[in-house]
Amino acid sequence: MTPAAAPQGLSLAAVRLSGVDLGLEHVLDDDEVARAGMFRSQALRDRFVAGRIALRLHIGALTGDSPGSLQALYSCPSCLNRDIPGHGIPGYRVPSRTSPLRVSLSRSEDWCLVAACLDDGVAGVGVDLEAESSAGLDGVQSVAMTENEREKLRHVAPALRPALMTRLWVRKEAVLKALGTGLARDPARVDVAGPIPRLFDEPPLQGRWQLEDLDPSTVGLPDEFTAACAIRILPGPEPK
Ligand SMILES: CC(C)(COP(=O)(O)OP(=O)(O)OC[C@H]1O[C@@H](n2cnc3c(N)ncnc32)[C@H](O)[C@@H]1OP(=O)(O)O)[C@@H](O)C(=O)NCCC(=O)NCCS
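In short, a report on the structure. Remember, it's a predicted structure, so these values are computed and weren't measured experimentally. (Residues numbered from 1 in each chain as written. Predicted model: local features only at pLDDT ≥ 70, side-chain atom pairs only at ≥ 80, totals over all residues. Heavy atoms only, no water.)

1. Re the site of the ligand
Phase 1 of the analysis: Taken together, 20 residues lie around the ligand, and Arg 52, Ser 106, Arg 107, Lys 177 and Leu 183 are the ones closest in.
Phase 2 of the analysis: Between the ligand and Gly 88, the relevant distance is 3.4 Å, taken from a nitrogen atom to a main-chain nitrogen or oxygen of the residue.
Phase 3 of the analysis: Contact between the ligand and Glu 173: an oxygen atom at 3.2 Å from a side-chain N or O atom of the residue.
Phase 4 of the analysis: In the complex, 73% of the free accessible area of the ligand, which totals 910 Å², lies under the protein chains. (Near = heavy atom within 4 Å. Polar contact = N/O pair within 3.5 Å; in protein donor to acceptor, adjacent residues only side chain to side chain. Areas by Shrake-Rupley, 256 points an atom, 1.4 Å probe, with all protein chains shown as cover.)

2. Considering the pattern of salt bridges
A side chain with one charge can pair with a side chain of the opposite charge if their charged atoms come near.
Phase 1 of the analysis: In this structure the tally under the stated criterion is 13 salt bridges.
Phase 2 of the analysis: Across the salt bridge formed by Arg 171 and Asp 213, the nearest N and O atoms sit 2.9 Å from each other. Taken together, the residues Arg 171 in helix H5 (residues 161–179) and Asp 213 in strand S9 (residues 208–214) connect sequence positions 42 residues apart. We note that Arg 171, like Asp 213, is buried.
Phase 3 of the analysis: Sharing partners across several salt bridges, the network here consists of Asp 29, Glu 32, Arg 52 and Arg 56. (Salt bridge = Lys/Arg side-chain N within 4 Å of Asp/Glu carboxyl O. Helix = DSSP H or I, 4+ residues; strand = E, 2+ residues; numbered from the N terminus. Buried < 20%, exposed > 50% of the residue type's maximum accessible area, 1.4 Å probe, protein only.)

3. Details of the sheet that holds strand S2 (residues 71–72)
In a beta sheet, neighbouring strands pair by backbone hydrogen bonds and run either parallel or antiparallel.
Phase 1 of the analysis: Spatial strand order, S1-S5-S4-S3-S2: five strands in an open sheet with antiparallel pairing. The sheet is open, and its two edges are formed by strand S1 (10–16) and S2, each paired on a single side.
Phase 2 of the analysis: Relative to strand S4 (residues 101–108), strand S3 (residues 91–93) runs antiparallel, the two sharing two bridges. Opposite Tyr 92, over in S4, you have Leu 101 as the bridge partner.
Phase 3 of the analysis: Sitting on the sheet, helix H2 (residues 42–63) is in contact with S1, S2, S3, S4 and strand S5 (111–117), with an inclination near 140° to S4. (Pairing = 2+ DSSP bridges. Contact = heavy atoms within 4.5 Å. Axes fitted to C-alpha atoms, helices over the stretch in contact; angles between N-to-C directions.)

4. Side note on the pairing of S5
Successive residues of a regular strand alternate their side chains across the two faces of the sheet.
Phase 1 of the analysis: Most of S5 sits out of view: seven of its seven residues are buried.
Phase 2 of the analysis: The alternating pattern of S5 places Trp 111, Leu 113, Ala 115 and Cys 117 and Cys 112, Val 114 and Ala 116 on opposite faces, both of which are buried.
Phase 3 of the analysis: Judged from the seven bridges that link them, S4 and S5 form a sheet pairing that is antiparallel. Pairing of Ser 104 across the sheet is with Ala 115, part of S5.

5. Concerning the sheet that holds strand S10 (residues 226–233)
Phase 1 of the analysis: Strand order in the open sheet formed by three strands is S6-S10-S9, with antiparallel pairing between adjacent strands. The strands lining the two open edges of the sheet, one partner per strand, are strand S6 (122–130) and S9. The mean inter-strand angle of the sheet, taken between neighbouring strand axes irrespective of direction, is 10°.
Phase 2 of the analysis: Note that S6 and S10 share eight bridges and pair antiparallel.

As structure tokens, this is what we get:
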């Protein structure tokens, strides 16, 4: 896939986490503040808070709503643990719209990629970024790649494999976020070797996919980042 702009209707922004004004923490709501209080270090807490502030500012810039007026609606389908507030599939209710906004976020090192979609026909949105080729991806090939993806990796020069592995991984995480499962769904059952993700589902998922490799410079990330976004579009009404 050639790196491209974001799919239509998806608004993306890259934000340096250390540049976010943590004095804006008051825009977060109670669940977000409670979740922030669960991190084991101040640095991790600040990173979380900065990402959530960045996401609210991005949504506010897109819809015209004030960042503090948004209601966070996070839900985790793979966990019944109500003791972890504000985690899972991200969503926000905004005063200017009747339906909640589909959003996504990914942090890597000092950067964060945020995405929001105004299109009500979109069932799910996912973005993912990784800081450098193959960092932390040892062993991923054997457990998370489909046969098709392994085949693709075998056919590139060894020196290019780490970059391709990272590319496949961010695509896969973007798709898994757009599905709302994250890694609770077996990543080896989601094939992202081509431009249309293939899900080994029974019955197959309804809808149409857009999966894009993102050019770091186009979205405002440093060159060493690898990023992808995915959206799943609901099937339209049957023609009469
Ligand atoms: C979603 C997931 C792949 C992201 O992991 P990651 O690469 O470490 O982190 P990223 O920075 O790229 O993404 C984090 C964001 O993913 C989003 N996210 C979390 N769970 C999600 C889900 N089920 N669907 C879609 N997006 C999700 C959130 O926006 C989160 O941002 P937050 O930290 O502000 O809440 C991973 O957390 C996951 O698989 N979670 C689901 C299963 C699981 O382990 N749950 C444990 C808690 S019950």
